[in-house]
Amino acid sequence: MEDISVQEGQRRVQAGALLVDVREPNEFEEVHAEGATLIPLSEFESRFAELPKDRELVMICRSGARSARAGEYLKTQGYSQVVNLAGGTLAWANEGMPTATGPEARQ
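Here the structure is a predicted model, which means the values were calculated and not measured. Numbers given to residues run from 1 along each chain, matching the order in which its sequence is written. Whole-chain, interface and lining totals are the exception, using all residues; otherwise, since this is a predicted model, local features are given only for residues with pLDDT of at least 70 and side-chain atom pairs are given and counted only at 80 or more. To get the side-chain values, all heavy atoms of the structure are used, and hydrogens and water are removed first.

**Overview of the overall build of the chain**
Helix numbering and strand numbering both begin at the N terminus, where a helix is a DSSP run of H or I of at least 4 residues and a strand a DSSP run of E of at least 2. Within the chain, the secondary structure is distributed over 5 helices and 7 strands. Reading the chain from its N terminus to its C terminus gives the helix and strand order β-α-β-α-β-β-α-β-α-β-α-β. The globule rule used here is 2.2 Å times the number of residues to the 0.38 power, and the radius of gyration it is set against is calculated over C-alpha atoms. For a compact globule of 107 residues, the expected C-alpha radius of gyration is about 13 Å, and the chain comes in at 12 Å, within 12% of that figure. Considered along the principal axes of its C-alpha atoms, the chain spans approximately 35 × 25 × 20 Å. The cut-offs for exposure are 20% and 50% of the maximum accessible area for each residue type, with area from a 1.4 Å probe on protein chains only; residues under the lower value are buried, those over the upper are exposed, and the others partly exposed. Out of the 107 residues in the chain, the part that is buried amounts to 44%. Element-wise, carbon and sulfur atoms account for 46% of the exposed surface of the chain, whose accessible area totals about 5100 Å². Charged residues are defined narrowly, with Lys and Arg counted positive, Asp and Glu counted negative, and His plus the chain ends left uncounted. By convention, the point assigned to a charge is CZ for Arg, NZ for Lys, CD for Glu and CG for Asp. Of the charged side chains in the chain, 11 are positive and 17 negative, and the gap between their average positions amounts to 3 Å. Surface accessibility in these figures is a Shrake-Rupley result with a 1.4 Å probe; residues are shielded only by whichever protein chains are displayed.

Take a look at the structure:
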C-alpha cells in the first residue's frame, strides 16, 4: 500500500478523501486530525463495511503502523482507493495540520 506524506494527505482530504483514524477511542479523544472518522482497529473487521468503496480513504493512526495494517485489510476486502498517512497523527500534528480533541467525528 502506498504511504503518503502529511501534506499529500491533507491535499487529498481537501479534495474529498475520507480520513480514517484506527486508534482506540481514548487515543482519538486526546488528539486527532481534524475531520477524521474513528473506526478503532479493535472493531475494524466488524465495522469496515461502513466505509465507502467509491471514495479515496486516507488511513491514519498514531505513527502509521496500525493504519497500514487496516489499509491492507481493506485492500483484501475489495477497496482499491486506500493510502496510508506516513508518520500518522504524530507527524500530522508536528507539521502543524489542524487537530482536534474530544470525541467529535467519532462513529
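Here the narrative resumes.
**Some remarks on the sheet that holds strand β4 (residues 37-38)**
Should DSSP find at least two bridges between two strands, the strands are regarded as paired. Pairing is parallel in the open sheet, where 5 strands are placed in the order β1-β6-β5-β2-β4. Whereas interior strands pair on both sides, the edge strands pair on one side only; in this sheet they are β1 (3-4) and β4. Note: strand β5 (residues 57-60) against strand β6 (residues 82-85), 3 bridges, orientation parallel. Among the inter-strand pairings, L57 is bridged to a residue of β6, identified as V82. In what follows, a contact means two residues having at least one pair of non-hydrogen atoms within 4.5 Å. For every element, the axis is a line fit to its C-alpha atoms; helices are fit only across the contacting stretch, and the angle between N-to-C directions ranges from 0 to 180 degrees. Running over the sheet, helix α4 (residues 65-76) touches β5 and β6 and is turned about 145° from β5.

**Description of the packing of aromatic side chains**
Aromatic pairing here means that ring centres of Phe, Tyr or Trp (its six-membered ring) are within 6.5 Å. Orientation follows from the plane angle: under 30 degrees is stacked, over 60 is edge-to-face, and everything else is tilted. Taken as a whole and assessed by the stated rule, the structure comprises 3 aromatic pairs. Ring geometry for F48 against Y73: centres 5.3 Å apart, planes inclined by 85°, an arrangement best described as edge-to-face. With F48 in the loop between α3 (44-47) and β5 and Y73 in helix α4, this residue pair connects regions lying 25 residues apart in the sequence. Classification of Y73 by relative accessible area gives partly exposed; the value is 21%. Seen in terms of ring centroids, F48 and Y79 are 6.2 Å apart; in terms of plane orientation they differ by 70°. Their pairing is edge-to-face. Taken as a pair, F48 in the loop between α3 and β5 and Y79 in the loop between α4 and β6 lie far apart in primary sequence, 31 residues in all.

**Section: the side chain of D21**
One can find D21 in strand β2 (residues 18-21). The class for D21 is buried, based on a relative accessible area of 0%. Each residue touching D21, except ones within four places of it in the same chain, is listed here: F28, H32, A36, T37, L38, I39, P40, I60, C61 and T89.

**Considering α4**
One less than the number of residues in a helix, times 1.5 Å, gives the span that helix is expected to have. End to end, α4 covers 17 Å across 12 residues, agreeing with the expected 16 Å (1.5 Å per residue, within 8%). Tucked inside the fold, the buried residues of α4 contact α3, β5 and β6. Downstream of α4 by a residue or two, G78 has a phi angle that is positive, lying close to 95°.

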